[in-house]
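Overview (structure and organization)
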Number of protein chains: 2
Amino acid sequence: MKDIETIDTLDQLNIDLQGDVSSPLGFIAGGLHAGLRRTRKDFGWIYSTTEANAAGVYTLNRFKAAPLIVTEACIKNNQVLQAIVVNSANANACTGEKGLQDAKDTQAWVAKQLNITQQHVGIASTGVIGSFLPMDKIQHGTEHVMEEQYNHGEYFNQAILTTDTATKHLSVQVEIEGKTVTIGGTAKGSGMIHPNMATMLGFITTDANIESDTLDGCLRESVDESFNMITVDGDTSTNDMVLCMANGQANHTTLDASHPEWHKFEHAFNFVSQYLAKSIAKDGEGATKLVTAKVKGAITTEEARKIAKSIVSSSLVKTAIHGEDANFGRIVAAMGYASDSIVPSETFVTLAKISVVDEGMSVAFDEADLKAKLQEDNIVIEATVGQGNGEAAAYGCDLSYDYVSINASYRT
Amino acid sequence: MKDIETIDTLDQLNIDLQGDVSSPLGFIAGGLHAGLRRTRKDFGWIYSTTEANAAGVYTLNRFKAAPLIVTEACIKNNQVLQAIVVNSANANACTGEKGLQDAKDTQAWVAKQLNITQQHVGIASTGVIGSFLPMDKIQHGTEHVMEEQYNHGEYFNQAILTTDTATKHLSVQVEIEGKTVTIGGTAKGSGMIHPNMATMLGFITTDANIESDTLDGCLRESVDESFNMITVDGDTSTNDMVLCMANGQANHTTLDASHPEWHKFEHAFNFVSQYLAKSIAKDGEGATKLVTAKVKGAITTEEARKIAKSIVSSSLVKTAIHGEDANFGRIVAAMGYASDSIVPSETFVTLAKISVVDEGMSVAFDEADLKAKLQEDNIVIEATVGQGNGEAAAYGCDLSYDYVSINASYRT
């Protein structure tokens, strides 16, 4: 994933690609095999030795899964979490009242095991839609949560994976008031999993001292430019969620926008979100390339986001890039139906740094030169669509034969 | 395509699946090989022996191709067409001022050849984006337009095709005032063509006596429920257009909503649009199945359309159906992110007539039974999403390996 990191080489951050949610002070993470899967770890946790201010963002899908409903309510009511447990292999979605009760029972078992408040336990699930959780196996998992032998950040990073081909995690450190503040993150990707859904889960921990409201605002802004700007196939899961915990153990004065070093923290936080989001996009099912679309000159940021997302979402663009085919016409078309605000005569497009559209007209380019550039793993499309100030970047992947084979037929 | 026809078996219409735009009185169509393609016909025309009232609908893509800009202006100013010429293999899009001039020159050559007003010649193109039309070849085509040897409806049906695997055409007859009124239609599909874009072109002719304003309204309403409700890959071309000509040669009194037999005409017109649209969906690139999503109970028709289109647009649903995999969770998810108005507890879904979701919860179903039904060519998904009056149907196709192979790499 080095090439993803280099996308942000300007960032003067202390980045540890081995780090994860267990890196900040006072955080412990782990995972084990509870039996939902055949052999792989399928039950993981994040624990803070002290209560942590919490914030979350949740799927906009109307069929919101039970664990999201339960967790969202807890964070709304208390703004505090001390633990998060995650199971893979079963989404606990479309499971009605029983699904809600199962999520609450899981919460209660974990709270009892860890001797903490039930309302301070976050729950996340990813996997099959429409099946009830195997509560005997879930209970087995909860009985061993935080057991020394299972406490290892990498075990958590693995336990939440589905069709991801790699774990996705990092930590970043910044100095606040001369003290080291660590932000750790772990995510799983939106590869569709047997037999049903794509789910994106993100977890961010920090030992920063920050109020939950401030954390919430920081998370929302950050997600808008990271997790909300990636697409693998345009499908939004019933279980997508990003949870954030801040336990204040770095022991500096409370951070907020008025703090002189706020922007250092905000920047580091955004870097974590961006890195995790790009890692998910690059690891999309069947993906062989990370596709980045950068749009500027739009009338608003929102329009810029629509255009950038349309480019990386287009099946025509995705297949062309998979084929390393300089199909700039498909990029122009994907832009053209994304926003009415585009001014064709003021539109410029470069593909892999080579100009392909100038003032809305195609320009001659060296086919062999562009073809060679399209063989790289990171493909960047840059577009100017007018003279506005709206800018955005979106991240996706190519559409390959493997995407179809992974998704065409599982259950039979 | 019989199974598409049977979708509308309730319609008591005199349907001729051999018919096309040349079927109504006073219409002649033809096509020839002008040299834009290697050997296949690539230049076609529709001609009315008398001036015809005209209407058109055009792509919403901001990068509207030159022929659409020229044709739209002509119809806006005159509401009359006497001829339409179409070339395949080159879209004349992203070609700036020269592209507009090329379209006008084509118009002028055709007008001169047929001794009609230039403003009465409609122009359509489909093919490569960003290349100038080879005007020598276009001119060659115009010099032979309406030559006896090339005048054959089937030649036109063929000349406009791109990656379509079959011609798409029919005619329908109804009695108005005891006189036979014929409506003919020919279309090409949104298969992406070498090396660039998807284009959907539709042409509808009729000998009905109807004012252009009435025709325009009829066309727009009809398109909203047909051509606008199909998707192959969600990409909207720079060249999509549906043109309609009515020459009045059936010689009945003027048709409008106040005419006692208006609804017979409107129904026949809608049938033509629907049949052509479904034919396009079923012949989407790499498609092996027609997928129909019928939604009811939405708060508005617009919401119902959004939900129905979301289902047939979802890559997860499309790949699952390709794999004949009963992945109802993907259908629910695609509905859930399409509209905020969905009421999960009032949501019911059937897949191939088998209930899979009841009041928002999954229901047990016979896997083998459903698997068998999913092997059919026409897959119908029916969903109720609440208690509103909004209803809609959308049409799409499965997503196959062939889709990727057709689109991954052409130019190299």
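In this text the structure is predicted, and so the values were computed from the model without any measurement.

Comments concerning the overall build of chain A
- Counting secondary structure elements, chain A contains twelve helices and 15 strands.
- Taken over C-alpha atoms, the radius of gyration comes to 22 Å for chain A, in line with the 22 Å a tight globule of 412 residues would show.
- Overall size of chain A, expressed as C-alpha extent along the three principal axes, is 70 × 60 × 35 Å.
- Burial status across chain A gives 62% buried among its 412 residues.
- Contacts in chain A between residues at least 24 apart in sequence constitute 80% of all its contacts with a sequence separation of at least 6.
- For chain A, the accessible surface area stands at approximately 14400 Å², while carbon and sulfur atoms represent 47% of it.
- Separation of charge centres in chain A, based on 31 positive and 52 negative side chains, amounts to 5 Å.

Description of the packing of helix α6 (residues 212-224) of chain B against helix α7 (residues 262-282) of chain B
Residues and elements named next belong to chain B.
- At a closest axis distance of 10 Å, the pairing of α6 and α7 adopts a crossing angle of 50°. With respect to α7, the element α6 is oriented oblique. When the axes of α6 and α7 are compared, the crossing they make is right-handed. Every residue of α7 that contacts α6 at Thr-214, Leu-215, Cys-218, Leu-219, Glu-221 and Ser-222 is listed here: Trp-262, Phe-265, Glu-266, Phe-269, Asn-270 and Ser-273.
- Partitioning the contact of α6 with α7 into residue classes produces six nonpolar, four polar and two charged.

Looking at the sheet that holds strand β14 (residues 378-384) of chain B
Residue and element names in this part refer to chain B.
- Spatially, six strands are ordered β13-β12-β11-β14-β10-β15 in an open sheet, and the strand pairing comes out mixed. Because the sheet does not close on itself, it has two edges, and the strands there are β13 (361-362) and β15 (390-397).
- The sheet contact formed by strand β10 (residues 290-298) and β14 spans seven bridges and is parallel. Paired with Lys-296 across the two strands is Thr-384, which belongs to β14.

Details of the sheet that holds strand β13 (residues 361-362) of chain A
All names here are of chain A.
- Across the sheet, six strands lie side by side as β13-β12-β11-β14-β10-β15; this open sheet has mixed pairing. What marks the edges here is a single partner per strand, and that holds for β13 and β15 (390-397).
- By the bridge criterion, two bridges tie strand β12 (residues 354-358) to β13 in an arrangement that is antiparallel. Of the residues in β13, the one forming a bridge with Asp-358 is Met-361.
- On the sheet, helix α8 (residues 301-313) packs against β10 (290-298), β14 (378-384) and β15 and is oriented at approximately 20° with respect to β15.

Here's the deal with the packing of aromatic side chains
- Per the stated rule, a full pass over the model turns up twelve aromatic pairs over all chains.
- Ring centres of Phe-43 of chain B and Trp-45 of chain B lie 6.3 Å apart, and the angle between their planes is 55°; on these two criteria the pair is classed as tilted.
- The class of Phe-43 of chain B is buried, set by a relative accessible area of 1%.
- On the basis of an interplanar angle of 40° and a centroid distance of 5.8 Å, the ring pair of Trp-262 of chain B and Phe-265 of chain B is categorised as tilted. Linking Trp-262 of chain B with Phe-265 of chain B, this pair stays in helix α7, spanning three residues, or about one helical turn.
- Taken together, Trp-262, Phe-265 and Phe-269 of chain A form an aromatic cluster joined through their ring pairs.
- Between the NZ or CZ atom of Lys-41 of chain A and the centre of the ring of Tyr-155 of chain A, over which it lies, the distance is 4.4 Å.
- Here Lys-98 of chain A stacks its cationic end above the ring of Phe-132 of chain A, 5.3 Å away from the centre of that ring.

A short note on the environment of Phe-27 of chain A
All names here are of chain A.
- On the secondary structure map, Phe-27 appears in strand β2 (residues 27-32).
- A C-alpha to C-alpha distance of 9.6 Å links Phe-27 and Gly-184, two positions 157 residues apart in sequence.
- What Phe-27 contacts, discounting residues up to four positions off in sequence, is Val-21, Ser-22, Ile-46, Tyr-47, Ser-48, Thr-205, Thr-206, Asp-207, Met-245 and Asn-247.

Notes on the pattern of salt bridges
Residue and element names in this part refer to chain B.
- This model, assessed by the stated rule, comprises 24 salt bridges over all chains.
- The residue Lys-64 makes a salt bridge to Glu-72 at a minimum N-O spacing of 2.9 Å.
- A salt bridge links Arg-305 to Glu-225, with the shortest nitrogen-to-oxygen separation between them at 3.7 Å. Of the two residues, Arg-305 sits in helix α8 (residues 301-313) while Glu-225 sits in the loop between α6 and β9 (241-246), which places them 80 residues apart along the sequence.

Remarks on the packing of helix α2 (residues 66-78) of chain A against helix α3 (residues 96-114) of chain A
Residue and element names in this part refer to chain A.
- The contact between α2 and α3 brings their axes to 8 Å, and the two run at 55°. Here α3 runs oblique to α2, going by the angle between their axes. Of the two possible hands of crossing, α2 and α3 adopt the one that is right-handed. Of the residues in α3, those in contact with Ala-66, Pro-67, Ile-69, Val-70 and Cys-74 of α2 are Gly-99, Leu-100, Ala-103, Lys-104 and Gln-107.

Quick look at α8 of chain A
- Taking 1.5 Å of rise per residue, the 13 residues of α8 of chain A would be expected to cover 18 Å, and the 18 Å separating its terminal C-alpha atoms lies within 8% of that figure.
- Where the residues of α8 of chain A are buried, they touch α6 (212-224), β10, α9 (315-322), α10 (328-336), β14 and β15 of chain A.

Brief notes about unusual backbone geometry
- The phi angle at Ala-89 of chain A is positive, at roughly 85°, despite the residue not being glycine.
- On the secondary structure map, Ala-89 of chain A appears in strand β4 (residues 80-90).
- Of note, the phi angle at Asn-115 of chain B is positive, near 55°, even though the residue is not glycine.

Some remarks on the UniProt feature "active site" (unreviewed entry) in chain A
- Residues given the UniProt feature "active site" (unreviewed entry) here are Thr-199 of chain A.
- Tracing the backbone shows Thr-199 of chain A in the loop between β7 (179-188) and β8 (201-206).

Overview of α2 of chain A
All names here are of chain A.
- The first and last C-alpha atoms of α2 sit 19 Å apart over 13 residues, in line with the 18 Å expected at 1.5 Å per residue.
- Among all positions in α2, only Ala-66, Pro-67, Leu-68, Val-70, Thr-71, Cys-74 and Ile-75 are buried.
- Lining the buried residues of α2 we find β3 (43-58), β4, α3, β5 (121-128) and β9 (241-246).
- Positioned one or two residues after α2, Gln-79 has a phi angle of 55°, which is positive.

What to know about the domain arrangement of chain A
All names here are of chain A.
- Partitioning chain A into domains gives domain 1 (2-282) and domain 2 (290-408).
- For domain 1 versus domain 2, the distance between C-alpha centres works out to 31 Å.
- In this assembly, 16 residues from domain 1 lie in contact with 17 residues from domain 2.
- A combined buried area of about 1500 Å² lies between domain 1 and domain 2, and 58% of that area is made up of carbon and sulfur atoms.
- Remark: the boundary between domain 1 and domain 2 carries three residue pairs in polar contact (both at pLDDT 80 or more).
- Of all the secondary-structure elements, those providing two or more residues to the side of domain 1 that touches domain 2 are α1 (2-6) and α7 (262-282).
- When residues of the side of domain 1 that touches domain 2 are assigned to their parent elements, the largest contribution, four residues, is made by α7.
- Looking at the side of domain 1 that touches domain 2 residue by residue, the class counts come to seven nonpolar, three polar and six charged.

As for the side chain of Asn-90 of chain A
Residues and elements named next belong to chain A.
- You can see Asn-90 is positioned in strand β4.
- Residue class for Asn-90 comes out buried when judged on its relative accessible area of 5%.
- At 2.7 Å, the side chain of Asn-90 forms a polar contact with the backbone nitrogen of Asn-92.
- For Asn-90, the contacting residues outside a window of four places in its chain are Leu-36, Ser-125, Thr-126, Gly-127, Val-128, Ser-131, Phe-132, Leu-133 and Pro-134.

Remarks on the pairing of strand β2 (residues 27-32) of chain B
Residues and elements named next belong to chain B.
- Most of β2 sits inside the fold, with five of its six residues counted as buried.
- Two elements, β2 and strand β3 (residues 43-58), share six bridges in a ladder whose sense is antiparallel. Within the sheet, the bridge partner assigned to Leu-32 lies in β3 and is Phe-43.

As for the pairing of β9 of chain A
All names here are of chain A.
- Most of β9 is tucked away, with six of its six residues classed as buried.
- Across six bridges, β3 lies against β9 in antiparallel orientation. Across the sheet, residue Ala-54 finds its bridge partner in β9, namely Met-245.
- Where β8 lies against β9, six bridges are found, and the strand directions are parallel. Among the inter-strand pairings, Thr-206 is bridged to a residue of β9, identified as Ala-246.

Conventions we followed
- Residues numbered from 1 in each chain as written.
- Chains lettered and ligands numbered in written order.
- Predicted model: local features only at pLDDT ≥ 70, side-chain atom pairs only at ≥ 80, totals over all residues.
- Heavy atoms only, no water.
- Helix = DSSP H or I, 4+ residues; strand = E, 2+ residues; numbered from the N terminus.
- Rg over C-alpha atoms; globule rule 2.2 N^0.38 Å.
- Buried < 20%, exposed > 50% of the residue type's maximum accessible area, 1.4 Å probe, protein only.
- Contact = heavy atoms within 4.5 Å.
- Areas by Shrake-Rupley, 256 points an atom, 1.4 Å probe, with all protein chains shown as cover.
- Lys, Arg positive; Asp, Glu negative; His and termini not counted.
- Charge placed at Lys NZ, Arg CZ, Asp CG, Glu CD.
- Axes fitted to C-alpha atoms, helices over the stretch in contact; angles between N-to-C directions.
- Parallel < 35°, antiparallel > 145°, perpendicular 65-115°, else oblique.
- Left-handed = near helix turned anticlockwise from the far one by under 90°.
- Nonpolar A, V, L, I, M, F, W, Y, C, P; charged D, E, K, R; others polar.
- Pairing = 2+ DSSP bridges.
- Phe/Tyr/Trp six-rings, centres within 6.5 Å; stacked < 30°, edge-to-face > 60°.
- Lys NZ or Arg CZ within 6 Å of the ring centre and 35° of its normal.
- Salt bridge = Lys/Arg side-chain N within 4 Å of Asp/Glu carboxyl O.
- Expected span 1.5 Å × (residues − 1).
- UniProt positions renumbered as here; feature names shortened; annotations may be inferred.
- Domains from an automatic or database assignment.
- Buried area = accessible area lost by both parts, 1.4 Å probe.
- Polar contact = N/O pair within 3.5 Å; in protein donor to acceptor, adjacent residues only side chain to side chain.

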